[in-house]
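Structural characterization, general
Here is how the chains run, residue by residue.
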Amino acid sequence: MANYHKPDEKTLQGLKDIANKLRIHSIRATCASNSGHPTSCCSAAEMMSVLFFNTMRYKANDPRNACNDRFIMSKGHAAPILYAAWVEAGFVKESEILNLRKIDCDLEGHPTPKLAFVDVATGSLGQGLGAACGMAYTGKHFDKASYRVYCMLGDGECSEGAVWEAMAFASYYSLDNLVAILDINRLGQSEPAPLQHDIEAYRRRCEAFGWNTYVVDGHDVEELCKALWQAQQMKGKPTAIVAKTFKGKGLRGIENEDNWHGKPIPKDRVDALLADLLGQIQTNKPLLPDQPKEDAPHVDLSPIRLPSPPAYKKGDKISTRRAYGVALARLGQGSSRVVALDGDTKNSTFSETFKKAHPERYIECFIAEQNMVSVAIGCATRDRTVPFASTFAAFMSRAYDQIRMAAISQSNVNLVGSHCGVSIGEDGPSQMALEDLAMFRAIPTCTVFYPSDGVSTERAVELAANTQGICFIRTSRPDTAVIYHSEEKFAVGQAKVVRQSDSDRVTVIGAGVTLHEALNAADQLAREGVNIRVIDPFTIKPLDTATILLSARATGGRVITVEDHYKEGGLGEAVCSALGEEPGIVVQRLAVTSVPRSGKPQELLDIYGISAKNIVAAVRSTFAN
């Protein structure tokens, strides 16, 4: 191992001085906005100083350079000290930090990627380390580059289970390019954190999760320099630096006192406290970050295409979940940026098809869906990869906060949920996704794909890889017939009219298994001399309002939606929302209206009112009324 060389006294004093400058910037910014968390910033000052001006390698004028070390402020409420670090690095103007939290300033209350030096939005606590794991995994296994990843956590957020999911992941994959810095300042928002200053308990927990762990005085720049240098030498394990700190450090009468969380310094105390800090600054020695090693590979950002059209023939039977696995493996041939993640359901979601074809680009996240989504978000940062993360759609609900934050992060991440609805059958309601469409429709940057056969599934996967924002692909368990030719063209927001005539009397809209039920119903009704129009929306969000409206008008304003989902928030509500201001159109919604039970798929479709026979009855009742 290389020998540690202690920084010279001028450098150490320079780091102490920068720490106090960071405190000053943080106090001035939060006073200017009359809001924020200056005491949470003050506990982190020395750690930020050492990280940004001694340890990390980055281009200060190019924060998003692919070769730079990464930093994630998981305790996002300490955003002002992150902004302050970039002031001292020369990227943010000192005057700009006084616009903190103002409507026309991107220095928001918590960090977002509107800023070039922020990769993922933080502030919903406990999520930063999972994203850092995705960045570190990408750096080590995909980019095979030298950049390192640093994540600062607060002690309060260490009560979040997501933190420990990430700790387990990083240890399992030996992410020795990852360092977690735990700011143990004792005080939470409303009362002390559960372990307060029991630093040894934090050490034992981190070590129990397989992390190389150092305990330091978080206000001692020399100790921090050494611990962070030692972390760089460690091979085979991630490193945790457990730093004992004091909330409000350096502020007389406030340091380590209760009831200062999220409060700016009172105006009558600011001048004296700033004078104290200014009086401790002894030098203006400039400390510049070391430059990164230029070894991150170039990424090809051209569109990602399937190497050939889908191989299915009309009438072939395949589940859309199985077609997803085939599509992803084929897409992986088209681009080395495509990676897959799964939560130990790969033999059910069929992401295992991708794993068999491209094992070096598959990440097993085990049964930790929150962390899986965070890791995928981390993998997607700086456009390094195009991740697809899959599990049962029902279990995506565990990660809803991560998904919500992914939207704030402007993340391009693709999430795939299988086993939707009662059509999964005997496994019962705990495994049936019946609220997932509502979940994902509520996410502002999300495109919601609901393919109905093998061909449309392949095209959904291809489109998702090239669509900005979050994409959700909903796949089904039962085998269903291929209804499209392999050369059929698909587009986001473009529905398919799959059955029509000049004498259609009702428009029926189904998706996934219910599209096939609608086609069966159309066949039955046709034998009775009644024609209906059947629409496959393909994407639930955005919905093809123009096609649906045209068909509704052509069928006398009569529309029936049928979905393997609860009535609230799904396909029916999407259609009602789209047609709500159109006169003379009535939408009847067939959906699951109660908690279902185990049974055979067809039995359940019948019982819960979304099978072909229920559609036939709904069409007949439309005319009866």
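All values reported here derive from a predicted model rather than from experimental measurement. (Residues numbered from 1 in each chain as written. Predicted model: local features only at pLDDT ≥ 70, side-chain atom pairs only at ≥ 80, totals over all residues. Heavy atoms only, no water.)

**Let's talk about the overall build of the protein**
Just so we agree on the cut-off: Helix and strand assignments follow DSSP, with helices taken as H or I runs no shorter than four residues and strands as E runs no shorter than two, numbered in order from the N terminus. The globule rule is 2.2 Å times the number of residues to the power 0.38, and the radius of gyration it is compared with is taken over C-alpha atoms. Three labels apply to residues, based on accessible area from a 1.4 Å probe with only protein chains included: buried if under 20% of the type maximum, exposed if over 50%, partly exposed otherwise in between. For this analysis, residues touch if any pair of their heavy atoms sits within 4.5 Å. Shrake-Rupley sampling with a 1.4 Å probe provides the accessible areas, and residues are treated as covered by the protein chains on show and by no other component. Within this scheme the basic residues Lys and Arg register as positive and the acidic residues Asp and Glu register as negative, but His and the chain ends are omitted. Where a charge lies is defined by one atom per residue type, namely NZ (Lys), CZ (Arg), CG (Asp) and CD (Glu).
From N to C terminus, the protein includes 21 helices and 19 strands. Over its C-alpha trace the protein gives a radius of gyration of 28 Å, about what one expects of a compact globule, namely 25 Å for 625 residues. Burial analysis of the protein (625 residues in total) assigns 61% to the buried set. Of the contacts formed within the protein by residues at least 6 apart in sequence, a portion of 78% connects residues at least 24 apart. For the protein, the computed accessible surface area is about 23,500 Å², with 47% contributed by carbon and sulfur atoms. Taken as two groups, the 69 positive and 72 negative side-chain charges of the protein have centres that lie 2 Å from each other.

**So, the environment of Asp106**
Tracing the backbone through its elements, the reader meets Asp106 in the loop between helix H4 (79–89) and helix H5 (128–142). The exposure class assigned to Asp106 is partly exposed, which follows from its relative accessible area of 40%. In sequence terms Asp106 and Pro63 are 43 residues apart; their C-alpha atoms lie 15 Å from each other. Those residues in contact with Asp106, other than ones at most four positions away along the chain, are Lys114 and Leu115.

**Comments concerning the packing of aromatic side chains**
Put simply, the test is: To pair, rings of Phe, Tyr and Trp, with the six-membered ring standing in for Trp, must have centres within 6.5 Å; the planes then decide the type, stacked if under 30 degrees apart, edge-to-face if over 60, and tilted in the middle. Definition used: whenever NZ (Lys) or CZ (Arg) falls within 6 Å of the ring centre and also within 35 degrees of the ring normal, the charge is taken to sit over that ring.
The final tally for this structure, using the stated rule, is 21 aromatic pairs. Considering the side-chain rings of Phe91 and Phe117, the 6.2 Å spacing of their centres and the 90° angle between planes classify their relative orientation as edge-to-face. Residue Phe91 is located in the loop between H4 and H5, and its partner Phe117 is located in the loop between H4 and H5; the two are separated by 26 residues in the primary sequence. When the centroid spacing of 5.4 Å and the interplanar angle of 65° are considered together, the rings of Tyr137 and Phe142 count as edge-to-face. Across the pair, Phe142 and Tyr137 agree in class, each one buried. Taken together, the ring pairs in this structure connect Phe52, Tyr58, Phe71, Tyr83, Trp86, Phe91 and Phe117 into an aromatic cluster. Stacked on the ring of Tyr147, the Lys or Arg Arg70 has its end atom at 3.6 Å from the ring centre.

**Considerations on the side chain of Arg382**
When you line up the elements, Arg382 lands in the loop between helix H13 (369–380) and strand S9 (386–392). What Arg382 contacts, discounting residues up to four positions off in sequence, is Pro63, Arg64, Asn65, Asn68, Asp69, Arg70 and Asp119.

**Digging into the sheet that holds strand S19 (residues 586–592)**
Quick note on the threshold: For two strands to count as paired, DSSP must find a minimum of two bridges between them. The angle between two axes is taken between their N-to-C directions and runs from 0 to 180 degrees, where each axis is a line fitted to C-alpha atoms and a helix contributes only its stretch in contact.
Taken in spatial order, the five strands line up as S14-S16-S15-S18-S19 in an open sheet, and their pairing is mixed. Both edges of this open sheet fall to strand S14 (496–499) and S19, since each of them pairs with a single strand only. The average undirected angle you get between the axes of adjacent strands in this sheet is 25°. Across six bridges, the pairing between strand S18 (residues 558–566) and S19 is parallel. Each bridged residue has a counterpart across the sheet, and for Val559 the counterpart in S19 is Val587. Of the strands in this sheet, S14, strand S15 (507–510), strand S16 (533–536) and S18 are in contact with helix H18 (residues 545–554), which crosses S16 at around 170°. Packed onto the sheet, helix H19 (residues 571–579) meets S15, S18 and S19 and runs at close to 145° relative to S18.

**Remarks on unusual backbone geometry**
Along the chain, Lys541 connects to Pro542 via a cis peptide bond; the corresponding omega equals 0°. For Pro542, the location among the structural elements is in the loop between strand S17 (539–541) and H18. At Arg186, a residue that is not glycine, the phi angle is positive and equals roughly 80°. Tracing the backbone through its elements, the reader meets Arg186 in the loop between strand S3 (178–184) and helix H7 (199–208).

**A closer look at the packing of H13 against helix H14 (residues 400–408)**
To keep things clear, this is the line we draw: An angle below 35 degrees is read as roughly parallel, one above 145 as roughly antiparallel, one from 65 to 115 as roughly perpendicular, and any other as oblique. The crossing is said to be left-handed when, going from far helix to near helix, the turn is anticlockwise and less than a right angle, and right-handed when the turn is clockwise.
In the contact formed by H13 and H14, the axes pass within 8 Å of each other and the chain directions differ by 20°. Between H13 and H14, the interaxial angle falls into the category roughly parallel. The handedness of the crossing between H13 and H14 is right-handed. Note on element contacts: H14 touches H13 through Gln402, Ile403 and Ala406, opposite Gln370, Val373, Ser374 and Ile377.

**What about the sheet that holds S3?**
Read from one edge of the open sheet, five strands run S1-S2-S3-S5-S4, paired in parallel fashion. The two strands at the open ends of the sheet, each matched to only one other strand, are strand S1 (70–73) and strand S4 (212–217). On average, adjacent strands in this sheet sit at an angle of 20° to one another, irrespective of strand direction. Across six bridges, strand S2 (residues 149–154) lies against S3 in parallel orientation. Bridge pairing in S3 links Cys151 to Ala180.

**Notes on the UniProt feature "domain: Transketolase-like pyrimidine-binding" (unreviewed entry) in the protein**
This is how it is decided: UniProt positions are given in the numbering used here, feature names are shortened, and annotations may be inferred rather than shown by experiment.
In this numbering, the UniProt entry assigns the feature "domain: Transketolase-like pyrimidine-binding" (unreviewed entry) to residues 318–482. Counting secondary structure, residues 318–482 comes out at 39% helix and 19% strand; the distance between its end C-alpha atoms is 7 Å.

**Remarks on the pattern of salt bridges**
Applicable threshold: Within this document, salt bridges are pairs made up of a side-chain nitrogen of Lys or Arg and a carboxyl oxygen of Asp or Glu, the two lying within 4 Å of each other.
On inspection of all chains with the given rule, the structure shows 27 salt bridges. The closest approach of N and O atoms between Glu528 and Arg620, which form a salt bridge, is 2.3 Å. Linking Glu528 in the loop between helix H17 (513–527) and S16 with Arg620 in helix H21 (residues 612–624), this pair joins segments that are 92 residues apart in sequence. What makes Arg620 partly exposed here is its relative accessible area of 44%. Two residues, Arg553 and Glu582, come together in a salt bridge whose shortest N-O distance is 2.9 Å. Residue Arg553 is found in helix H18, and its partner Glu582 is found in the loop between H19 and S19; the two are separated by 29 residues along the sequence.

**Brief notes about the packing of helix H1 (residues 9–33) against H4**
For the record, the criterion: Throughout this entry, Asp, Glu, Lys and Arg are counted as charged residues, while Ala, Val, Leu, Ile, Met, Phe, Trp, Tyr, Cys and Pro are counted as nonpolar. The remaining residues, Gly among them, count as polar.
One can describe the packing of H1 onto H4 by two numbers: an axis separation of 8 Å at closest approach and a directional angle of 120°. Considering their axes alone, H1 and H4 lie oblique with respect to each other. Classified by chirality, the crossing of H4 by H1 is right-handed. The segment H1 lies against H4, with Lys21, Leu22, His25, Ser26 and Thr30 engaging Pro80, Ile81, Ala84, Ala85, Val87 and Glu88. Partitioning the contact of H1 with H4 into residue classes produces six nonpolar, three polar and two charged.

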